[in-house]
There are 2 protein chains.
Amino acid sequence: MAGGHGHPYSPAELELPGFVPQRLSPGEILAPFLGASLLVALAVWLISGRCGGGGSPRTDRLLMCWWAFTGLTHILLAGAFLLAPGFFSRESPNYFDELFKEFSKGDSRYAARDTAILALEVVTIGFKGPASLLAVYAIASRKSYSHILQFAVSLSQLYGCLFYFVTAYLAGFNFWASPFYFWAYFVGANISWVVVPTLVAARSWKKISAAFRAEKVKIR
Amino acid sequence: MAGGHGHPYSPAELELPGFVPQRLSPGEILAPFLGASLLVALAVWLISGRCGGGGSPRTDRLLMCWWAFTGLTHILLAGAFLLAPGFFSRESPNYFDELFKEFSKGDSRYAARDTAILALEVVTIGFKGPASLLAVYAIASRKSYSHILQFAVSLSQLYGCLFYFVTAYLAGFNFWASPFYFWAYFVGANISWVVVPTLVAARSWKKISAAFRAEKVKIR
């Protein structure tokens, strides 16, 4: 798997001194991530069905699952990445080190600790992660800022993806080990954060407009 | 003024074949821009005071002035920039060519036609400009989507500035001819699009939350 520079990433010239080869298989990395995500979503789904007298409407419960999943993903992955500058050279790699090694096959800027990725991850852990978890609470307790918060975080996720793809393009667009990793990781693992935020932003836009129409009717 | 490479910009190694020196003085460039902006704001202020029976509230009129100014600035400047790939080498430069030559002293990525700047200007003319003008109309006709639209454009302007400053940092942070141009153009000319969008976004957030509180009271 490893090229002339002792690692499986592209571009081959990338220097990763002390690179420790990946021990976990892609399945051993993906399964815990999917399993934990499903558990979180299931827990939020069940709890939201019982709280607040009869529970929240079905769409609100689905949205709470999404915000809990995306919030924890933002915080845990961005946190683990920012706290592990040398994840690729750790002698006893933890689960996250192995996950970043695998994901770097689709975007070696993670292994290279590219500054654009660092900038993106700082916004992710500093704003998008905590604000996503706040959205779970805001929906559950029917806060008046619930929709504008969901809209703000969704638009931030969309701009985050735009920034991610545009900086990759500007920096050479050659960070994947093969077309498979381009489609599976670089595109595939990120596309959910284009599709879902678009849907959520559109829904919040409609709900907010409807609230102002209702207010207008009341004033008359 | 011109360095060894025939232009006054930084970095000196920047190649601008056929560079035609600037003919208009900074004052001759700034005065028409400020004058036209003030005229637009004044016209919107006066018209908004007469329309719709007694006119709109004072803050709404100020916001209409801002959105008309920023919308026209986005469209005219981004449009002129995107349509003039060789503005620095035109034999008979127009006003905009001279404006970009002056502004490039604060950020030579404009003269260099840096891809990050192009990406930013495409979003500016494709979304932020038209959406800003739509905001003037939305406020004037009290559309129910007025606040969420203003919030969306303001957040986009904030992310645009973040992108602008972060890409400058990533690409070397050496694009100004002197500390004066760094502060006057790179920082000074952009800071309005940090300060005003922050204020507008905060106001729309509050108005939207208030609309949902009002709706809740009505339902009870």
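Note that the coordinates shown come from a computational prediction; the quantities given were computed from them, not determined experimentally.

Attention now goes to the relation of the copies chain B and chain A. When chain B is fitted onto chain A, the two copies agree to an RMSD of 0.0 Å after a turn of 180° and an axial shift of 0.0 Å. Expressed as an axis order, the relation between the two copies is that of a two-fold axis.

All names here are of chain A. A cluster of nonpolar residues, L72, L76 and L133, forms a patch on the protein surface that exposes about 220 Å² of accessible area. Residue position: L72 is located in helix α2 (residues 58–83). Judged by relative accessible area, L72 falls into the partly exposed class, the value being 32%.

Residue and element names in this part refer to chain A. With numbering matched to this structure, UniProt assigns "transmembrane region" (unreviewed entry) to residues 29–47, 67–88, 116–139, 151–176 and 182–202. End C-alpha atoms of residues 67–88 are separated by 30 Å, and the span's content is 77% helix alongside 0% strand. Along residues 182–202 the backbone is 100% helical and 0% strand, and the end-to-end C-alpha distance reaches 28 Å.

Residue and element names in this part refer to chain B. Its place among the elements puts P21 in the segment before α1 (26–50). Of the residues examined, P21 reaches a relative accessible area of 53% and is grouped as exposed. Considered as a pair, P21 and P130 are 109 residues apart in the sequence and their alpha carbons are 33 Å apart.

In this complex, chain B contributes 33 residues to the contact, which on the side of chain A involves 33 residues. Summing both sides of the interface, chain B and chain A together bury roughly 2900 Å²; the carbon and sulfur share of this comes to 78%. Taken as a group, S144, Y159 and F212 of chain B account for 21% of the area that chain B buries against chain A, more than any other trio of residues on that side. The interface formed by chain B and chain A includes zero salt bridges. Where chain B packs against chain A, one counts four residue pairs in polar contact (both at pLDDT 80 or more).

What follows is about the packing of aromatic side chains. Working definition: an aromatic ring pair is given by the centre-to-centre distance plus the angle between the planes. Applying the stated criterion to the full structure yields 63 aromatic pairs over all chains. Ring geometry for Y95 of chain B against F96 of chain B: centres 5.6 Å apart, planes inclined by 65°, an arrangement best described as edge-to-face. Residue Y95 of chain B is classed as partly exposed on the basis of its relative accessible area of 25%. Judged by its relative accessible area of 26%, F96 of chain B falls in the partly exposed class. In this structure an aromatic cluster arises from ring pairing among F81, F87, F88, F100, F103, Y110, F180, Y181 and Y185 of chain A. Taking the ring centre of Y164 of chain A as reference, the NZ or CZ of R109 of chain A above it sits at 4.9 Å. The ring of W45 of chain B has R61 of chain B lying over it, and the distance from NZ or CZ to the ring centre is 3.8 Å.

The rules behind the values
Residues numbered from 1 in each chain as written. Chains lettered and ligands numbered in written order. Predicted model: local features only at pLDDT ≥ 70, side-chain atom pairs only at ≥ 80, totals over all residues. Heavy atoms only, no water. Least-squares fit on C-alpha atoms with pLDDT ≥ 70 in both. Patch = residues over 30% accessible without salt bridge, like charges linked within 9 Å, V, L, I, M, F, W, Y side chains within 5 Å. Areas by Shrake-Rupley, 256 points an atom, 1.4 Å probe, with all protein chains shown as cover. Salt bridge = Lys/Arg side-chain N within 4 Å of Asp/Glu carboxyl O. Helix = DSSP H or I, 4+ residues; strand = E, 2+ residues; numbered from the N terminus. Buried < 20%, exposed > 50% of the residue type's maximum accessible area, 1.4 Å probe, protein only. UniProt positions renumbered as here; feature names shortened; annotations may be inferred. Contact = heavy atoms within 4.5 Å. Buried area = accessible area lost by both parts, 1.4 Å probe. Polar contact = N/O pair within 3.5 Å; in protein donor to acceptor, adjacent residues only side chain to side chain. Phe/Tyr/Trp six-rings, centres within 6.5 Å; stacked < 30°, edge-to-face > 60°. Lys NZ or Arg CZ within 6 Å of the ring centre and 35° of its normal.

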